[in-house]
Amino acid sequence: MKHKIIAGCLAANLLFGTNVLAASPAAAFTDIKGSFAEEAIIHLTEQGIISGITPEKFAPEEKISRKHFAVLLTKVLGIQPVFPSQPTFEDLPREAPEFGYVEALVKLGLLKGTQSNYLGADDPVSRQDAAVLLHRVLGLETASANSGEKYLDEELISPYALDSVTYVTRQGWMKGYKGFFRPFEKLTRAETAVLVNRLYDLRKEQTPNAVLPLQELVVKVGETVQLELPPAAGPFPYTPVYGLDNPAIGTIYPNGAFTAGQQPETGTITVNAGYTSYIIKVSIISNDQALGKHQEE
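Structure report, in brief. (Residues numbered from 1 in each chain as written. Predicted model: local features only at pLDDT ≥ 70, side-chain atom pairs only at ≥ 80, totals over all residues. Heavy atoms only, no water.)

1. Focus: the nonpolar core
What counts is decided by this rule: Nonpolar core, defined: a set of buried Ala, Val, Leu, Ile, Met, Phe, Trp, Tyr and Cys residues in which side-chain atoms within 4.5 Å join the residues together. Accessibility here uses a 1.4 Å probe with only protein chains present; expressed as a share of the type maximum, an area under 20% marks a residue as buried, one over 50% as exposed, and anything in between as partly exposed. A run of DSSP states H or I qualifies as a helix once it reaches four residues; a run of E qualifies as a strand once it reaches two. Both are numbered from the N-terminal end. Residues are treated as being in contact if the distance between any of their heavy atoms lies within 4.5 Å.
Counting 55 residues, the largest nonpolar core has Ile41, Phe69, Leu134, Leu138 and Met174 as the members making the most contacts within it. Taken together, the elements giving at least two residues each to this core come down to helix H1 (38–46), helix H2 (66–76), helix H3 (99–107), helix H4 (127–138), helix H5 (162–171) and helix H6 (189–206). Counting residues per element, this core draws most heavily on H6, at eight residues. Leaving out residues up to four positions away in the same chain, phenylalanine 69 has contacts with Ile64, Val125, Ala130, Leu133, Leu187, Thr192 and Leu195. Counting residues in hydrophobic clusters, the runner-up holds 17 residues, among them Val225, Phe258, Ala260 and Val282.

2. Observations concerning H1
What counts is decided by this rule: Directions pointing from the helix axis toward each C-beta atom define the arc.
When H1 is considered as a whole, its buried residues turn out to be Glu38, Ala40, Ile41, Leu44 and Thr45. For H1, the angular spread of buried residues about the axis comes to 165°, placing them on one side.

3. Remarks on the pattern of salt bridges
Heads up, the condition is: The salt bridge criterion pairs a side-chain nitrogen of Lys or Arg with a carboxyl oxygen of Asp or Glu, the two atoms within 4 Å.
Taken as a whole and assessed by the stated rule, the structure comprises five salt bridges. A salt bridge links glutamate 191 to arginine 127; its shortest N-O distance comes to 4.0 Å. Here glutamate 191, found in helix H6, pairs with arginine 127, found in helix H4; they are 64 residues apart in sequence, far enough to count as distant. For the pair glutamate 191 and arginine 127, one class covers both residues: buried. Across the salt bridge formed by glutamate 185 and arginine 182, the nearest N and O atoms sit 2.9 Å from each other.

4. Side note on the sheet that holds strand S3 (residues 224–226)
Applicable threshold: If DSSP finds at least two bridges between two strands, the strands pair. Axes here mean lines fitted to C-alpha atoms, for a helix over just the part in contact, with angles spanning 0 to 180 degrees between N-to-C directions.
Across the sheet, three strands lie side by side as S3-S6-S5; this open sheet has antiparallel pairing. Across the chains shown, the open sheet's two edge strands, defined by having one partner strand only, are S3 and strand S5 (250–252). In this sheet, neighbouring strand axes are inclined to one another by 15° on average, regardless of whether the strands run parallel or antiparallel. Pairing geometry for S3 and strand S6 (residues 257–260), over three bridges, is antiparallel. Bridge pairing links valine 225 to phenylalanine 258 in S6.

Note that every value here comes from positions in space, so none of it alone points to a role or purpose.
Put into structure tokens, the structure is as follows:
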């Protein structure tokens with residue numbers, strides 16, 4: 001199986017939607033129990049890759065917009081956002097959180113709007129359009145629509161999407177339901193989580209991963225520190241993705257800044273940075289403890 005992960009000229013972050021804080025712990029989601037996507041949601045949340053629309057709600061059946069789907073693909077594949085002075089699309093201004101990621105796909109020739117200068121940014125993404133974008137981003141070969149699995153609703157698939165639907169089906173990235181692909185049906189957040197999890201696994205398989213020894217970080221309550229990352233090895237330096245196993249220890253931001261909570265706590269920060277992954281053991285100490293530690297030293 002051959003793939004092209006577009007990261008050679010653009011390096012690379014992954015959230016659901018526009019929430020810029022670390023992902024909520026999956027255990028807090030009250031609406032994913034029994035979902036076909038439960039395992040994928042939990043895994044990606046633990047990795048700091050996705051988050052809910054609130055700390056307690058993942059909203060698995062809500063539709064995902066075209067701009068958010070583009071952001072997810074960009075981040076999970078490690079494509080660095082770019083910020084041209086003039087927006088490509090009238091409905092995605094430069095100040096929008098998704099702007100840089102969408103523009104990165106445009107720069108690579110992988111994303112086009114629904115009409116001239118219009119992305120349809122807030123419109124739900126259809127299954128066939130998701131397949132097209134996946135094929136453009138990952139597909140090195142061209143699949144013939146006359147080969148592979150045949151769907152009962154194949155005549156409903158738009159001509160521009162036929163090869164892409166065949167390709168993503170063959171690769172196992174997207175599947176039909178009872179013989180139907182449902183090309184115009186809108187992709188849900190649950191379906192997207194499963195899809196992104198498959199792409200995450202693909203990236204991990206294709207990325208030689210160096211695991212660093214356990215690191216330790218001692219931070220005073222309320223203190224903000226910047227995590228230092230090792231240099232990325234190899235030609236695909238992905239933007240780091242952070243996760244917390246215990247949100248009570250504080251908040252981790254996409255740029256690696258960590259703000260400690262207001263009470264002494266312990267936990268871990270997981271870091272996936274290109275070819276390197278490691279765990280940081282975090283201890284939040286009170287000001288009195290910090291003073292005592294300083295005096296001992």
